[in-house]
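Secondary and tertiary structure notes
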Amino acid sequence: MLDSLQRLGEFSLDVFAKLGRANLFFLQALAGAPEMILRPGLLIRQLYMVGVLSILLISLSGFFVGMVLGLQGYNVLSDFGAEESLGVMIAASLVRELGPVVTALLFSGRAGSALTAEIGLMKATEQLSGMEMMAVDPMRRIVAPRLYAGILAMPLLSAMFTYIGIQGGYLVGVPLLGVDEGSFWSQMQSSIDFHEDIVNGIIKSIVFGIIVTWIAVFEGYDCIPTSEGVSRATTHSVVYSAFAVLGSDFILTALMFGE
Amino acid sequence: MEAVRDNESLYNHCKMTENRMDSSTDTVVQIRGLVFDRGRRRIFDGVDMNIRRGSITAIMGPSGTGKTTLLKLIGGQLRPKEGEILVDGEPVHRLSRRRLYLLRRRMGMLFQTGALLTDLNVFENVAFPLREHTDLPNSIIRTLVLMKLEAVGLRGARALMPAELSGGMARRVALARAIALDPMMIMYDEPFTGQDPISMGVLVKLIKTLNHALGLTSIVVSHDVQETASISDYIYVISEGKVVGEGTPQQLQHTDSPWVRQFMDGLPDGPVPFHYPAPDYHKDLLQC
Ligand SMILES: Nc1ncnc2c1ncn2[C@@H]1O[C@H](COP(=O)(O)OP(=O)(O)O)[C@@H](O)[C@H]1O
Ligand SMILES: [Mg+2]
């Protein structure tokens, strides 16, 4: 009994120490901004690695999610004779929820895990220590460009996912299932509010971008520098990101649409 | 600009930089009463060391005694719990970040694995510190990099990626990188471990010639007794957080500490027993 209490205490101490380290880490990495302006090449290269290389995955997934939304939405809406609202339904779900959330989850699996593994491996092979000994701060040279690249890439990828998803839903709904094209688009246009829906969706994608990339680079930087440690950190990175994204999505949704 | 190829001019070039940095003391690293803990475990418990300018000093001890940790303490990557570490007269653990980074430009460190940046080729790895810390034009960087690579015999390997190098070559590239900024001292972390006899011989010779040609101070951490003793001017043997023996290689050959004897001669049994503590063998077998 006393033993398990002690273990619980140690565990919570570990968790809080880690949270503290993560916060400090985040601030230090953000402080690497001036370097990014002086040497834009570092940032551009990372934007390519985390952003451009995720485009194919994000577009394909967006397309499929949109098509599924088209099918399922049509099934439900046609029971009420409301097929014309299919466009609104697809657009609202994508803009408000699925766009930012699914993109964040995919992004964490594709780019986040790669970031964790890359940084963890650099730590395990002493490349980070080596840089420090060469008087180069790995926080600025390695971590900051990756963090900023992830934060910048995520909203763009989410917008792409949403756009392609709507096209996928259109493809299934209009040419395939015969929903009227005019009402599909006009209802969507009149019901989707710029502030209420689009801006909130963008805010979500920015928040998720910060969360996912932060977790990814921190897990890599904080990993136990062995091959086992790196693989565990990579798993943690994806798992924690998923939890953090879904949890914060609930909070954000409650704040934005909760009235 | 014409590439400087022969060793003579390399020697002069580096000698000049060295003289500029020469300070009055002849001790480069001074460690006083060093205490350091890792969690609950005490790694160092009152260690004193002096590392003379221009010498090759070996630090030997069994695996896990904290040799790598000691180098990281000297490099300012870890902070001592108690005690002082002066590098070139400056207390590393009390320097501001900026001063520490300036000091580190004058220290080279060779990590156990080489620690080459895996996404850059050999040339760019050696050029890395120059590009990070200087605004030299490309032509001069090229000349400097080729000089450093020539010094370790790998000028021809400049286009290879780290993954294509053998262990010995990777360490030589890392060595070229460590001398890129003309440091006053180099720390080698187990440079010989896992090397075949030929690359071992090459590394032994390189450490010695570079130390003399470039007027460096070298700290070699190792448990390869013969190779290390053959090139070092002074040896510290550490175990269980303390310096258990020190002296020139000759002095240590004739030490009367049985522990140091066992370590230097590589005997399987002695004060450090062959058997990990266990209950009586016969009783253990007959149980069950
Ligand atoms: N990052 C770390 N965290 C906790 N303990 C460590 C860490 N690095 C090394 N140690 C421990 O410190 C001791 C000394 O390690 P090290 O300096 O690598 O020894 P050596 O280089 O002599 O083999 C070892 O017992 C090791 O387990
Ligand atoms: Mg070691």
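Before any of the text, the structure's been laid out above.
None of these values were measured; they are calculated from a predicted model.

**Focus: the overall build of chain A**
Along chain A, the regular secondary structure elements total 10 helices and 0 strands. Ordering the α and β elements of chain A from the N terminus gives α-α-α-α-α-α-α-α-α-α. In terms of its C-alpha atoms, chain A occupies a principal-axis envelope of roughly 65 × 55 × 35 Å. Across the 259 residues in chain A, those meeting the buried criterion constitute 46%.

**Quick look at the pairing of strand 1 (residues 27–38) of chain B**
In regular strands, side chains alternate between the two faces of the sheet. Residue and element names in this part refer to chain B. With 9 bridges joining them, strand 1 and strand 2 (residues 41–52) adopt antiparallel strand pairing. Bridge pairing in strand 2 links V35 to D45. Hairpin connection, strand 1 to strand 2: the antiparallel pair is bridged by 2 residues, and G39 has positive phi, about 60°. Of the strand pairs in this sheet, strand 1 and strand 4 (residues 82–87) are connected by 5 bridges, and their pairing is antiparallel. Its bridge partner being in strand 4, R32 is matched across the sheet by E84.

**Notes on the packing of helix 5 (residues 86–124) of chain A against helix 7 (residues 138–176) of chain A**
Residue and element names in this part refer to chain A. At a closest axis distance of 7 Å, the pairing of helix 5 and helix 7 adopts a crossing angle of 145°. In the packing of helix 5 onto helix 7, the handedness of the crossing is right-handed. A breakdown of the residues in the contact of helix 5 with helix 7 according to their chemical character gives 19 nonpolar, 8 polar and 2 charged.

**Quick word on the nonpolar core**
Grouped together as the largest cluster of nonpolar side chains are 54 residues, with contacts concentrated most on V50(A), F107(A), M131(A), F184(A), F208(A) and V217(A). When near neighbours in sequence (up to four residues on either side) are disregarded, F184(A) contacts E84(A), L86(A), G87(A), I90(A), G169(A), Y170(A), V174(A) and V179(A). If you look at the next biggest cluster of nonpolar residues, it comprises 38 residues, including L110(B), L116(B), L146(B) and L216(B).

**Thoughts on the interface of chain A and chain B**
Between chain A and chain B, the residue contacts involve 16 residues of the former and 23 residues of the latter. Taken together, the two surfaces of chain A and chain B that pack against each other cover about 1,800 Å², and 53% of this comes from carbon and sulfur. Three residues, E126(A), M133(A) and M134(A), lead the burial of chain A against chain B; their summed loss comes to 39% of the area buried on that side. There are 4 salt bridges connecting chain A and chain B. R97(B) is the salt-bridge partner of D137(A), the closest N and O atoms lying 3.0 Å from each other. At the junction of chain A with chain B, the criterion picks out 11 residue pairs in polar contact (both at pLDDT 80 or more). Top element by residues in the side of chain A that touches chain B is helix 6 (residues 127–133) of chain A. It accounts for 6 residues. For the side of chain A that touches chain B, the residue count by class is 6 nonpolar, 4 polar and 6 charged.

**Some details on the sheet that holds strand 6 (residues 107–110) of chain B**
All names here are of chain B. Across the sheet, 6 strands lie side by side as 6-7-8-3-9-10; this open sheet has mixed pairing. Among the strands making up the open sheet, the edge pair consists of strand 6 and strand 10 (242–247). Going from strand to strand, the sheet's axes swing by 15° on average, the running direction of each strand aside. Sheet analysis places strand 3 (residues 56–60) next to strand 8 (residues 217–222), joined by 5 bridges and oriented parallel. Opposite T57, over in strand 8, you have I219 as the bridge partner. With respect to the sheet, helix 2 (residues 67–74) is in contact with strand 3, strand 6, strand 7 (185–189), strand 8 and strand 9 (234–239), its orientation differing from that of strand 7 by roughly 155°.

**Quick look at helix 3 (residues 97–104) of chain B**
Within helix 3 of chain B, burial applies to L100(B), Y101(B), L103(B) and R104(B). Each buried residue of helix 3 of chain B lies within a common arc of 160° when the element is viewed along its axis, so the set occupies one face. For helix 3 of chain B, the elements touching its buried residues are helix 6 of chain A together with strand 4, strand 5 (90–91) and strand 6 of chain B.

**A word on the site of ligand 1**
Residue and element names in this part refer to chain B. In the vicinity of ligand 1, the residues found are R38, R41, I43, P62, S63, G64, T65, G66, K67, T68 and T69. Between ligand 1 and K67, the relevant distance is 2.8 Å, taken from an oxygen atom to a main-chain nitrogen or oxygen of the residue. In this structure, an oxygen atom belonging to ligand 1 sits 2.5 Å away from a side-chain N or O atom of T69. For ligand 1, whose free accessible area comes to 560 Å², the fraction covered by protein is 58%. Cavity membership is defined here by more than half of the atoms lying within 2 Å of grid points; on that basis ligand 1 lies in the largest pocket. Mapped by element, the contributors of at least two residues to the shell around ligand 1 are strand 2 and helix 2. When residues in the shell around ligand 1 are grouped by element, the largest group, 3 residues, is from helix 2. Split into classes, the residues belonging to the shell around ligand 1 amount to 2 nonpolar, 6 polar and 3 charged.

Parameters and conventions
Residues numbered from 1 in each chain as written. Chains lettered and ligands numbered in written order. Predicted model: local features only at pLDDT ≥ 70, side-chain atom pairs only at ≥ 80, totals over all residues. Heavy atoms only, no water. Helix = DSSP H or I, 4+ residues; strand = E, 2+ residues; numbered from the N terminus. Buried < 20%, exposed > 50% of the residue type's maximum accessible area, 1.4 Å probe, protein only. Pairing = 2+ DSSP bridges. Axes fitted to C-alpha atoms, helices over the stretch in contact; angles between N-to-C directions. Left-handed = near helix turned anticlockwise from the far one by under 90°. Nonpolar A, V, L, I, M, F, W, Y, C, P; charged D, E, K, R; others polar. Core = buried A, V, L, I, M, F, W, Y, C linked by side-chain atoms within 4.5 Å. Contact = heavy atoms within 4.5 Å. Buried area = accessible area lost by both parts, 1.4 Å probe. Salt bridge = Lys/Arg side-chain N within 4 Å of Asp/Glu carboxyl O. Polar contact = N/O pair within 3.5 Å; in protein donor to acceptor, adjacent residues only side chain to side chain. Arc of directions from axis to C-beta. Near = heavy atom within 4 Å. Areas by Shrake-Rupley, 256 points an atom, 1.4 Å probe, with all protein chains shown as cover. 1 Å grid on protein atoms, 1.4 Å probe; cavity = no way out; pocket = protein on both sides within 12 Å on 5 of 7 lines; lining within 4 Å. Sits in = over half its atoms within 2 Å of the grid points.

Worth remembering: the numbers are spatial, not functional.
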